[in-house]
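Residue strings, one per chain:
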Amino acid sequence: MSTASSPAPAQLTTARLVLRPWTGAEAAAVLADTRSARWAHDFPAEGDRVIAALFAQHPAWLGEHGHRLIIERASGLVVGSIGLFWPPSEGTVEIGYGVVASRRGRGYAAEAARALADFALTAPGVHAVVAGVELSNPASVRVLEKAGFRRSATEDGVARFMLTSRDRSGQ
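My aim in this report is to walk through the structure given alongside it, one point at a time. (Residues numbered from 1 in each chain as written. Predicted model: local features only at pLDDT ≥ 70, side-chain atom pairs only at ≥ 80, totals over all residues. Heavy atoms only, no water.)

Considerations on the overall build of the chain
Okay, step 1: Of the regular secondary structure elements, the chain holds five helices and eight strands.
Okay, step 2: Listed by position from the N terminus, the elements making up the chain come as β-β-α-α-β-β-β-α-β-α-β-β-α.
Okay, step 3: Relative to its length of 171 residues, the chain is compact, with a C-alpha radius of gyration of 15 Å against a globular reference of 16 Å.
Okay, step 4: Across its three principal directions, the C-alpha atoms of the chain cover 45 × 40 × 30 Å.
Okay, step 5: Here the chain, with 171 residues, has 44% of them falling under the buried criterion.
Okay, step 6: Counting contacts in the chain only where the partners sit at least 6 residues apart, residues at least 24 apart contribute 59% of the total.
Okay, step 7: Carbon and sulfur atoms make up 53% of the accessible area of the chain, which totals about 8,600 Å².
Okay, step 8: Taking the 18 positively charged and 16 negatively charged side chains of the chain as two groups, their mean positions are separated by 7 Å. (Helix = DSSP H or I, 4+ residues; strand = E, 2+ residues; numbered from the N terminus. Rg over C-alpha atoms; globule rule 2.2 N^0.38 Å. Buried < 20%, exposed > 50% of the residue type's maximum accessible area, 1.4 Å probe, protein only. Contact = heavy atoms within 4.5 Å. Areas by Shrake-Rupley, 256 points an atom, 1.4 Å probe, with all protein chains shown as cover. Lys, Arg positive; Asp, Glu negative; His and termini not counted. Charge placed at Lys NZ, Arg CZ, Asp CG, Glu CD.)

A few points about the layout of surface pockets
Over the atoms rolls a probe the size of a water molecule, and in doing so it shows where empty space is left.
Okay, step 1: What the largest pocket holds in volume is close to 900 Å³.
Okay, step 2: Considering the residues around the largest pocket, the lining is formed by 36 residues, among which Tyr97, Gly98, Val99, Asn137 and Ser140 are closest to the centre. (1 Å grid on protein atoms, 1.4 Å probe; cavity = no way out; pocket = protein on both sides within 12 Å on 5 of 7 lines; lining within 4 Å. Points joined across faces, edges and corners; volume = space filled by probe spheres on them.)

So, the pairing of strand E8 (residues 158–164)
Okay, step 1: Both strand E6 (residues 128–134) and E8 contribute to a ladder of seven bridges, which runs antiparallel. The residue bridging valine 130 from the neighbouring strand is methionine 162, located in E8.
Okay, step 2: Summarising the sheet, strand E7 (residues 150–155) and E8 pair through five bridges and their orientation is antiparallel. Each bridged residue has a counterpart across the sheet, and for glutamate 155 the counterpart in E8 is valine 158.
Okay, step 3: Linking E7 to E8, which pair antiparallel, is a turn of two residues; within it aspartate 156 sits at a positive phi near 55 degrees. (Pairing = 2+ DSSP bridges.)

Notes on the packing of helix H1 (residues 24–32) against helix H2 (residues 46–54)
Okay, step 1: Running from N to C, H1 and H2 point in directions that differ by 125 degrees, and their axes come no closer than 9 Å. Judged by the angle between their axes, H1 and H2 are oblique. Crossing geometry of H1 relative to H2 is assigned as left-handed. When H1 is examined against H2, the residues Ala27, Val30 and Leu31 are found in contact with a partner set consisting of Asp48, Arg49, Ala52 and Ala53.
Okay, step 2: Classifying every residue of the contact of H1 with H2 gives five nonpolar, no polar and two charged. (Axes fitted to C-alpha atoms, helices over the stretch in contact; angles between N-to-C directions. Parallel < 35°, antiparallel > 145°, perpendicular 65-115°, else oblique. Left-handed = near helix turned anticlockwise from the far one by under 90°. Nonpolar A, V, L, I, M, F, W, Y, C, P; charged D, E, K, R; others polar.)

Looking at the packing of aromatic side chains
Okay, step 1: Using the criterion set out here, one finds four aromatic pairs in the structure.
Okay, step 2: Taking the centre distance of 5.2 Å and the plane angle of 75 degrees together, the rings of tryptophan 22 and phenylalanine 55 count as edge-to-face. Here tryptophan 22 is found in the loop between strand E2 (17–21) and H1, whereas its partner phenylalanine 55 is found in the loop between H2 and strand E3 (68–72), with 33 residues between them in sequence.
Okay, step 3: On the basis of relative accessibility, which here comes to 4%, the residue phenylalanine 55 falls in the buried class. (Phe/Tyr/Trp six-rings, centres within 6.5 Å; stacked < 30°, edge-to-face > 60°.)

Here's the deal with the pattern of salt bridges
Okay, step 1: Within this structure, the stated rule accounts for seven salt bridges.
Okay, step 2: A salt bridge links glutamate 72 to arginine 103; the nearest nitrogen and oxygen atoms lie 3.1 Å apart. On the criterion of sequence distance, the pair formed by glutamate 72 in strand E3 and arginine 103 in the loop between strand E5 (92–99) and helix H3 (108–120) is long-range, its members being 31 residues apart.
Okay, step 3: Salt bridges here are not isolated pairs; linked through shared partners, they connect Glu72, Arg103 and Arg106. (Salt bridge = Lys/Arg side-chain N within 4 Å of Asp/Glu carboxyl O.)

And the structure:
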């Protein structure tokens with residue numbers, strides 16, 4: 001959904017993953033429960049369905065700094081999704097992610113989170129990427145820690161994490 005005035009969404013490549021923007025057709029397929037040969041057998045997860053349903057209400061999520069599919073480079077299969085809840089608020093943007101059960105435990109979520117957070121921090125006016133995780137989900141807590149986020153607060157069973165430009169530079 002990019003226009004002539006906005007750049008095409010960037011595809012990000014890591015050692016084992018490609019993070020590429022969703023297409024409208026992919027979102028429609030998720031909502032229609034239509035399978036693709038390019039998806040892991042357990043994609044989409046419930047969170048992917050929720051996100052796909054919200055694209056019509058939040059078209060910026062499909063823009064340059066929005067949501068992406070997580071593709072395993074070795075197989076070429078979609079194994080999850082990750083995104084930034086755009087636009088930023090006071091220089092901060094939130095990240096959310098999910099990897100299908102068949103690919104969990106491989107470090108994909110941390111690898112994808114770090115790549116997308118690093119990319120977000122290059123956007124004008126963005127100085128922090130945040131995430132909230134329920135403490136009852138220790139695997140997601142570990143994802144953010146492995147991705148370089150630091151815990152900034154804990155309240156009501158939810159840990160808040162943050163990665164800043166300063167964290168990226170190692171200062």
